[in-house]
Amino acid sequence: MVRIQDHIAKIAWTLADKVLLLCYGFVNIMQNNALPPHELGLYTLCNALHTFIFALSDGFVLQSIIVKGAHKELRGSVTRFAVFWHIALVMGISGGIFSFQEAFAWFLREPRLKLVAAYLPLLCFLALPRTLCLKYLIRDVQMREVFVVNVAWIGSMTGVTIWLLVHHALVSFEAMAIIAASGMGTSSIVALWITRRQIFFATVERIHPREFWSIGMYQGTAALLGNLIRQLDVAGIQYFFGAATVGVYQAAKTLFRFFDEAFNAIISLVYPATMRFVYEKRFEELRSMLSKMLSFSLAAILVIVAVAQAGGAEYAISHLLSRKYAAAVGYFCLLLWAAPAMPCVALSPVMVAFGEMRRFLLYIVGAMIVGMTMLATIGILHMEALVPLGIVAYTVVLGIWIFAAVQSYLHIPMRMLFRVIPDTMHFLRRWLKKP
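What you see as residue numbers is a count from 1 along each chain, following the sequence as written. Only residues with pLDDT of at least 70 get local features here, since the model is predicted, and only at 80 or more are side-chain atom pairs given and counted; chain-wide, interface and lining totals rely on the full set of residues. Each side-chain value is derived from all of the structure's non-hydrogen atoms; neither hydrogens nor water enter the calculation.

This paragraph deals with the overall build of the chain. Where helices and strands are cited, they refer to DSSP runs of H or I of at least four residues and of E of at least two residues respectively, numbered from the N terminus. Scanning the chain from N- to C-terminus turns up 18 helices and 0 strands. Within the span of the chain, comprising 435 residues, buried residues form 51% of the whole. Residue contacts follow a heavy-atom distance rule, with two residues in contact if any of their heavy atoms lie within 4.5 Å. Of the contacts formed within the chain by residues at least 6 apart in sequence, a portion of 83% connects residues at least 24 apart. Here the chain displays about 20,700 Å² of accessible surface, and carbon together with sulfur accounts for 70% of that area. To sort residues, take the accessible area from a 1.4 Å probe on protein chains only and compare it with the maximum for the residue type: under 20% means buried, over 50% means exposed, and anything in between is partly exposed. In short, Shrake-Rupley with a 1.4 Å probe defines the accessible areas, and a residue's cover is counted only from the protein chains shown.

Structure (structure tokens):
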């Protein structure tokens, strides 16, 4: 039997890694306040393209390192495929954008996007070793080493940010590109050193190319479609409203990232437990775990949304962001309407555990179409104040469908969604009785 206490250290390092990312959110706020909205918008577009490209490579290529990692005799063959195609895919797409920078800038109606296209291949090149090596660390469940790599990444970016702020030089897209390059380069060097004995090309057995591509087909397609709305919504906003609006929207998304990282942490803990419970057919324990996650997270979110809509968001954002980002208050309040659906989206590992990847992919396709249609409608009608509704619609629709699917597998009683109340009362009674 797998016991949680046997894995406390790994869980602790995973949580520490998420806390590290959350802490960097405050550095993001400092960066946002220093930048004009137009410059922040340009960097946001660059970062969105960067994230989208690596999400594709992660789904289509790098997942093979983990999926086939248990077969030690195949590791050399998998490494050769992964390294070659990771470099080819990432540099091919970023190089293509650079080659067509004139058309890229013309299509999105922003001349300075040619500069974004010029920096993109460099940032992608610096990030290649980091993203590759992290997969080997995750394969071998070396969560402390993952944390160290991310400390190098975030620590170097924080240091460069402070240096630029002290010298009043953090005023442009180019400055943000330097910050990103320092983080990617430093963490890539650290990651290569840590994994120097894990990456090898000699092999006992070979993996067929068809098998290699079949590993990441569903996950790669899901990453492609899901990130079209989650990352590249800013491209649509740029097309209809310009880089300044993208910058203000990104300021709101930076604050909303706290929800994203919190649920990424939840998924990272729920995923392995879900896979184990389904494999061992311990469905009652799975229902109990998932109902607790849903109930407590929904209760916390509803309290936060109520406080934010009652004026808490305006008060907090006015103290965190400069006046030039005042419009971010409205965007943040709209983004909050996606938060109640996020616990349902966090149930996606259940669909994976039950082998429903095709169904999950169809849900992503449907939700993406809804989100993109919403964003296009807002743009055509010039309803600038409603630009967050694209990602809100995507998240809500996807959450509802995933919850309905999980209900069909596990039949979680609806009353268990309110268990936060009796569970909390029981905890308080036990705590008060302690001497």
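Criterion for a salt bridge: a side-chain nitrogen of Lys or Arg within 4 Å of a carboxyl oxygen of Asp or Glu. Summed over all chains, the structure comprises 8 salt bridges. Salt-bridge contacts for Glu-174 lead to Arg-112; the nearest nitrogen and oxygen are separated by 3.3 Å. Of this pair, Glu-174 sits in helix 7 (residues 173-194) while Arg-112 sits in the loop between helix 4 (101-107) and helix 5 (113-139), and the two are 62 residues apart along the sequence. The structure contains a network of salt bridges with shared partners spanning Glu-39, Arg-112 and Glu-174.

Turning our eyes to something else, we now look at the packing of helix 16 (residues 357-380) against helix 17 (residues 389-410). For helices, the fitted line uses only the C-alpha atoms of the stretch in contact; every axis is such a line through C-alpha atoms, and the angle between N-to-C directions lies from 0 to 180 degrees. It is at 7 Å that the axes of helix 16 and helix 17 come closest, and there the two elements cross at 155°. In terms of orientation, helix 16 lies roughly antiparallel with respect to helix 17. Regarding helix 16 and helix 17, the two cross each other, and that crossing is right-handed. Across the interface between the two elements, Arg-359, Phe-360, Tyr-363, Ile-364, Gly-366, Ala-367, Met-368, Val-370, Gly-371, Met-374, Leu-375 and Ile-378 from helix 16 touch Leu-389, Gly-390, Ala-393, Tyr-394, Val-397, Leu-398, Trp-401, Ile-402, Ala-405, Ser-408 and Tyr-409 from helix 17. As a working rule, the residues Ala, Val, Leu, Ile, Met, Phe, Trp, Tyr, Cys and Pro are called nonpolar, Asp, Glu, Lys and Arg charged, and the rest polar, with Gly in that last group. For the contact of helix 16 with helix 17, the per-class residue count stands at 18 nonpolar, 4 polar and 1 charged. Oblique is the label for any angle not covered by the other classes, which are roughly parallel (under 35 degrees), roughly antiparallel (over 145) and roughly perpendicular (65 to 115). Rotating anticlockwise by less than a right angle from the far helix to the near helix defines a left-handed crossing, while the corresponding clockwise rotation defines a right-handed one.

Attention now goes to the packing of helix 10 (residues 233-241) against helix 16. One can describe the packing of helix 10 onto helix 16 by two numbers: an axis separation of 9 Å at closest approach and a directional angle of 15°. By the criterion of interaxial angle, the relationship of helix 10 to helix 16 is roughly parallel. As helix 10 runs across helix 16, the sense of the crossing is right-handed. Only Leu-375, Ala-376, Ile-378, Gly-379 and Ile-380 of helix 16 make contact with helix 10, whose side of the interface consists of Asp-233, Gly-236, Ile-237, Phe-240 and Phe-241. Its residues placed into classes, the contact of helix 10 with helix 16 shows 7 nonpolar, 2 polar and 1 charged.

Quick look at the packing of aromatic side chains now. Each Phe, Tyr or Trp ring (for Trp, its six-membered ring) is paired with any other whose centre lies within 6.5 Å, and the angle between the two planes then decides the class: stacked below 30 degrees, edge-to-face above 60, tilted in between. Scanning the entire structure with this criterion turns up 9 aromatic pairs. Ring plane angle 50° and centroid distance 6.3 Å describe the contact between Phe-240 and Phe-241, whose orientation is recorded as tilted. Overall, Phe-240 belongs to the partly exposed group, its relative accessible area being 28%. The exposure class of Phe-241 is buried, given its relative accessible area of 17%. Between Phe-354 and Tyr-409, the aromatic rings sit 4.8 Å apart at their centres with planes inclined by 20°, giving stacked as the arrangement. Placement of the pair is Phe-354 in the loop between helix 15 (348-353) and helix 16 and Tyr-409 in helix 17, with a sequence separation of 55 residues. Residue Phe-354 is classed as partly exposed on the basis of its relative accessible area of 29%. The class of Tyr-409 is buried, set by a relative accessible area of 18%. What links up through ring pairs into an aromatic cluster is the set Phe-107, Tyr-239, Phe-240 and Phe-241. Lying over the aromatic face of Tyr-239, Arg-109 brings its terminal NZ or CZ to 4.0 Å of the ring centre. Charge over a ring is defined by NZ of Lys or CZ of Arg lying within 6 Å of the ring centre and within 35 degrees of the ring normal.

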